[in-house]
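Analysis of the macromolecular model
Each chain, written out:
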Amino acid sequence: MTVALVILAAGKGTRMQSDIPKVLHEVAGASLLAHTLKAGQSLQPSRTIIVAGHGAQEIEVASKAYDENCELILQTEQLGTGHAVEQTRATLAGFKGSVIVLYGDTPLISAKTLKRLNDSLVTSAVSVLGFQATDPGKYGRLITQGDKLDRIVEFKDASDEERSIKLCNSGVMGISAPLLFELLLQLDNKNAVGEYYLTDIVALATAQNATCTIVQCDESETLGVNSRVELAQAEHTFQTIRRAEALKIGVTMPAPETVHFSFDTIIGRDTVIEQNVVFGPGVTVENGARIRSFSHLEGAHISDGCIIGPYARLRPGAELAENVKIGNFVEVKASTLHENVKVNHLSYIGDANIGARTNIGAGTVTCNYDGAMKHQTKIGQDVFIGSNTMLVAPVKIGDGALTASGSVIVNDVPSGALALGRSKQVNKPGLAFKLMKKFKAIKVSKKGN
Ligand code: UD1
Ligand code: MG
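Throughout what follows, the structure given in this document is the object of discussion. As the structure is a prediction and not an experimental result, all values here were calculated from the model. (Residues numbered from 1 in each chain as written. Chains lettered and ligands numbered in written order. Predicted model: local features only at pLDDT ≥ 70, side-chain atom pairs only at ≥ 80, totals over all residues. Heavy atoms only, no water.)

**Digging into the site of ligand 1**
Worth spelling out the cut-off: We call a residue near a molecule or strand as soon as one heavy atom of that residue lies within 4 Å of the molecule or strand. Here a polar contact is taken to be a pair of N or O atoms separated by no more than 3.5 Å, where protein atoms must pair a possible hydrogen donor with a possible acceptor and residues adjacent in sequence count only if both atoms sit in side chains. Here the accessible surface of atoms and residues is derived via Shrake-Rupley with a 1.4 Å probe, and residues count as covered only by protein chains that are part of the display.
Near ligand 1 lie 19 residues; those nearest to it are Gln-75, Thr-81, Gly-140, Glu-154 and Asn-169. Contacts to ligand 1 include Leu-8, whose backbone N or O atom sits 3.2 Å from an oxygen atom. In this structure, Ala-10 approaches ligand 1 through a main-chain N or O atom, which is 3.0 Å from an oxygen atom. Protein contacts shield 81% of the accessible area of ligand 1, which totals 750 Å² for the unbound molecule.

Shown next, in the form of structure tokens:
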């Protein structure tokens, strides 16, 4: 059955205390909305419609950046979840497939769960994603009749007996489009808060003898973010899940609770991630690498057998081939390092290409920026860059070349050459003793004053 996703994201999110629309706040380096889109798109929907109100323009930019086929519908007044879905009527006119309603502020729903919900629509007219709540709080309660869902009652409209039910509505619903738009016409707002509830669709469907089913998932998936506290909780849950997945596929982490993943981090088996490592977006680590403590990585590709850190920083475009070693206080950006390259201490490598087996000495800097433009540094294979070499780009160092420590290299160095780019050393015999004597005498005379 063809699927249309309808993602509700028009709410103001007052409790976030923020100028940023709620659904654009981030968990694991991706917006709440992007998490929802990612899960929803696993169903390969033919349409993805986002209902936005507050911050609609920013939400449109973000959703199109994620997938340019996203469609944005404006809900100028927030009159309830039923009213929000009603706004898609014209856009979905003639659509005969299923509509899956998701919330843009509920980032932890898994693709697996959505598949179960969608599959249940083969035998059910309406499917609601429910969960057993430890603390049901103000969630809508699912009222059953045998093993079928009879209706949903919102907390504010519920009797004490109904409030004691722990089976709650996550907000995710699947329903065939023609039935949805027929039933939406029958909604009213005669309830405790004067809103058009999407949840009333269930009672209306039951009244027509349409089958309504509950698909249950774990409570951890249904967390909706309304405050910074809940944002932090969502982050915590995401990280817990991600760490468990990494351990399961053969990644070693002596202190997994100190490792921070992004939504898209990929780690291969037999890689070791030491304590306090942070993965920003876009990192892939192949097999058998070691990421040592206190390293920060984003947009980097790390091949088999590399050793990174401790205290390394890999920035977007860092491309490391097999067995590259990056040591402490080394930053690499937009650079390709071929097999067995070593940059072991205190260096900046930006906009560079470094050939296999080359050794970069401590304190080396690729001076890639002239204040206006960035320039490339190309270093060949088997090169030895002496400590504290400044490579003023654009510059090329040929295969097997050597630069003397402390050199400022402004011209290309031919293959096999030694480049000396520093002033000549002069020794003045005895002058050190003489000077020291003089300085100490001055110091004593000043104390006398
Ligand atoms: C809703 C459900 C409740 C469920 C709970 C789960 C209804 C009536 N109630 O309640 O059964 O247990 O979610 O979290 O559906 N939104 C709009 N436009 C509107 C109103 C809301 O886009 O006019 C969006 C919000 O931005 C949010 C989502 O819909 O993403 C849910 O709205 P919210 O007001 O949080 O509903 P709840 O009261 O939490
Ligand atoms: Mg809510």
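Back to the write-up after that little detour.
**Notes on the packing of aromatic side chains**
To describe a pair of aromatic rings, one takes the distance between the centres and the angle between the planes. For clarity, the threshold we go by: In summary, the pairing rule links any two rings of Phe, Tyr or Trp, Trp by its six-membered ring, whose centres are within 6.5 Å, and it sorts them by plane angle into stacked for under 30 degrees, edge-to-face for over 60 and tilted for everything else. The secondary structure listing takes helices from DSSP runs of H or I that are at least 4 residues long and strands from runs of E that are at least 2 residues long, numbered from the N terminus. A simple rule labels every residue: compare its accessible area, found with a 1.4 Å probe on the protein chains alone, to the largest value its type can have, and call it buried under 20%, exposed over 50%, or partly exposed in between. Charges are assigned to positions over rings by a cutoff of 6 Å between ring centre and Lys NZ or Arg CZ, combined with an angular limit of 35 degrees from the ring normal.
Inspection of every chain in the model, using the stated rule, returns four aromatic pairs. Ring geometry for Tyr-311 and Phe-329: centres 5.1 Å apart, planes at 15°, overall stacked. Remark: Phe-329 occurs in the loop between strand 22 (325-328) and strand 23 (330-333) and Tyr-311 occurs in the loop between strand 19 (307-308) and strand 20 (312-314); sequence separation between them is 18 residues. A relative accessible area of 39% places Tyr-311 in the partly exposed class. Among the aromatic residues, those joined into a cluster by ring pairs are Phe-294, Tyr-311 and Phe-329. Lying across the ring of Phe-155, Arg-163 places its NZ or CZ 4.0 Å from the centre. The side chain of Lys-374 reaches across the aromatic face of Tyr-369, ending 5.2 Å from its centre.

**A word on the sheet that holds strand 24 (residues 335-337)**
Put simply, the rule reads: At least two bridges found by DSSP between two strands are what make those strands a pair.
Strand order in the open sheet formed by eight strands is 12-15-18-21-24-27-30-33, and the pairing between neighbours is parallel. Edge strands, defined here as strands with exactly one partner in the open sheet, are strand 12 (266-267) and strand 33 (395-397). Sheet topology note: the strand 21 (residues 318-320)/strand 24 ladder contains three bridges and is parallel. Across the sheet, Glu-319 pairs through a bridge with Thr-336, a residue of strand 24.

**Concerning the pairing of strand 22**
Where strand 19 meets strand 22, two bridges bridge the pair, whose relative direction is parallel. Considered in strand 22, the bridge of Ile-308 is made with Ile-326. Of the strand pairs in this sheet, strand 22 and strand 25 (residues 342-345) are connected by three bridges, and their pairing is parallel. The partner of Asn-328 across the bridge, within strand 25, is His-345.

**Quick look at helix 6 (residues 177-184)**
What counts is decided by this rule: Contacts were defined at the residue level, with two residues in contact if any of their heavy atoms lie within 4.5 Å.
For helix 6, a buried count of six out of eight residues is recorded, marking the element as mostly surrounded by other parts of the structure. Taken together, the buried positions of helix 6 are Ala-177, Leu-179, Leu-180, Phe-181, Leu-183 and Leu-184. Among the structural elements, helix 3 (81-86), strand 6 (98-103), strand 7 (126-132), strand 10 (167-176) and helix 7 (200-207) are those in contact with the buried residues of helix 6.

**Observations regarding the sheet that holds strand 19**
The strand order across the open sheet formed by nine strands is 13-16-19-22-25-28-31-34-36, and the pairing between neighbours is parallel. Each edge of the open sheet carries a strand with a single partner, namely strand 13 (272-273) and strand 36 (418-419). Two elements, strand 25 and strand 28 (residues 359-360), share two bridges in a ladder whose sense is parallel. Each residue of the ladder has a partner; that of Val-343, found in strand 28, is Ile-360.

**As for a negative patch on the surface**
Note the cut-off: Every patch collects residues that have over 30% relative accessible area and no salt bridge, joining them within 9 Å if they carry like charges and within 5 Å if they are nonpolar side chains (Val, Leu, Ile, Met, Phe, Trp, Tyr). Should a side-chain nitrogen of Lys or Arg be within 4 Å of a carboxyl oxygen of Asp or Glu, the pair is scored as a salt bridge. Under the counting rule used here, the positive set is Lys and Arg, the negative set is Asp and Glu, and His together with the chain ends is not counted. Taken as the charge centre is NZ of Lys, CZ of Arg, CG of Asp or CD of Glu, depending on the residue.
Taken together, Glu-286, Asp-304, Glu-322 and Glu-339 make up a surface patch of like negative charges. Among the structural elements, Asp-304 can be located in the loop between strand 18 (300-302) and strand 19.

**What to know about helix 8 (residues 228-248)**
Because each turn of an α-helix spans 3.6 residues, side chains separated by three or four positions end up pointing in the same direction. Going by this rule: A helix's residues, less one, multiplied by 1.5 Å, set its expected span.
Between its first and last C-alpha atoms helix 8 spans 30 Å; for 21 residues at 1.5 Å apiece the expected length is 30 Å, and the two agree. Looking at helix 8, one finds that the buried residues are Glu-230, Leu-231, Ala-234, Glu-235, Thr-237, Phe-238, Gln-239, Arg-242, Arg-243 and Ala-246. Here the buried face of helix 8 lies against strand 2 (26-27) and helix 1 (32-41). Positioned one or two residues after helix 8, Gly-250 has a phi angle of 100°, which is positive.

**Quick look at the pattern of salt bridges**
Counted under the stated rule, the structure contains twelve salt bridges. Two residues, Asp-119 and Lys-115, come together in a salt bridge whose shortest N-O distance is 2.8 Å. Here Lys-115 and Asp-119 lie together in helix 4 (residues 111-120), a separation of four residues that amounts to about one turn. Since its relative accessible area comes to 40%, Asp-119 is described here as partly exposed.

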